[in-house]
Amino acid sequence: MVPEINWLAVVLATVSSMVVGSIWYAKAVFGRRWMRLAKIDESTMGNGVGAIIVTVIVSFMTALVLAGSAAIAQHFYGGNFLVNTLVTAVILWAGFTAARVITHDAFERRPAALTILTIAHELVTILVMALIIGLFGISAA
């Protein structure tokens, strides 16, 4: 079975990750705190074009995997697609993103506050993606 993908939802979910990140890491929100915890100096950050390109690519991959996983969950469980997509997103976030970030941050001895900031950002990002994908439904057809 190849899961049905709503490509418009995937593209919009990809864009949403950029919007969430722009807000989350704005200086007035968590940007200053993140820079302090990550020991990032504004003068050495550069323009970030490379990081933005990488972010778009991996955000697209995340949205695509989420859409496919949600479609598979929908076929398996039935019921409300939006709810299934949100639950799938949280499960994937907990099992893959949060677990892996916590592991890496523990070995790198990063501050717990930085780990919490990172995984919270990832949770918000994946939930917004799930909301978009869930509202658009399985297929654009």
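As shown above, the structure is provided for reference.
The structure presented is a predicted model; accordingly, all values stated were derived computationally and were not measured. (Residues numbered from 1 in each chain as written. Predicted model: local features only at pLDDT ≥ 70, side-chain atom pairs only at ≥ 80, totals over all residues. Heavy atoms only, no water.)

Asker: If you had to explain the packing of helix H1 (residues 7-24) against helix H5 (residues 112-136) to someone new, which residues and values would you point to?
Answerer: Helix packing for two helices is described by the angle between their axes and how far apart those axes are. Viewed as axis vectors pointing N to C, H1 and H5 meet at an angle of 150°, and their least axial separation amounts to 9 Å. Accordingly, the angle class assigned to the pair H1 and H5 is roughly antiparallel. The element H1 and its partner H5 pack so that their crossing is right-handed. Residues Leu8, Ala9, Leu12, Ala13, Thr14, Ser16, Ser17, Val20, Gly21 and Trp24 of H1 pack against Leu117, Ala120, His121, Val124, Thr125, Val128, Met129, Ile132, Ile133 and Phe136 of H5. By residue class, the composition of the contact of H1 with H5 is 14 nonpolar, six polar and no charged. (Axes fitted to C-alpha atoms, helices over the stretch in contact; angles between N-to-C directions. Helix = DSSP H or I, 4+ residues; strand = E, 2+ residues; numbered from the N terminus. Parallel < 35°, antiparallel > 145°, perpendicular 65-115°, else oblique. Left-handed = near helix turned anticlockwise from the far one by under 90°. Contact = heavy atoms within 4.5 Å. Nonpolar A, V, L, I, M, F, W, Y, C, P; charged D, E, K, R; others polar.)

Asker: Describe the pattern of salt bridges, and please don't skip the residues or the numbers.
Answerer: The final tally for this structure, using the stated rule, is two salt bridges. Here Asp105 makes a salt bridge to Arg110, at a shortest N to O gap of 3.8 Å. Residue Arg110 is classed as partly exposed on the basis of its relative accessible area of 40%. Note that Arg110 is salt-bridged to Glu108, the shortest N-O span being 2.9 Å. Salt bridges sharing partners connect three or more residues here, namely Asp105, Glu108 and Arg110. (Salt bridge = Lys/Arg side-chain N within 4 Å of Asp/Glu carboxyl O. Buried < 20%, exposed > 50% of the residue type's maximum accessible area, 1.4 Å probe, protein only.)

Asker: An account of the packing of aromatic side chains is needed here, citing residue identities and associated values.
Answerer: Taken as a whole and assessed by the stated rule, the structure comprises four aromatic pairs. Between Trp7 and Phe60, the ring centres sit 6.5 Å apart and the planes meet at 20°, which makes this aromatic pair stacked. Here Trp7, found in helix H1, pairs with Phe60, found in helix H3 (residues 49-77); they are 53 residues apart in sequence, far enough to count as distant. Taken together, a centroid distance of 4.8 Å and an interplanar angle of 90° make the contact between Phe76 and Tyr77 edge-to-face. Accessibility classification places Phe76 together with Tyr77 in one group, the exposed group. (Phe/Tyr/Trp six-rings, centres within 6.5 Å; stacked < 30°, edge-to-face > 60°.)

Asker: So what's going on with H5? Residues and values would help.
Answerer: For H5, with 25 residues, the first-to-last C-alpha span of 36 Å sits near the 36 Å given by 1.5 Å per residue. Just downstream of H5, Gly137 is the residue with a positive phi angle, here 90°. (Expected span 1.5 Å × (residues − 1).)

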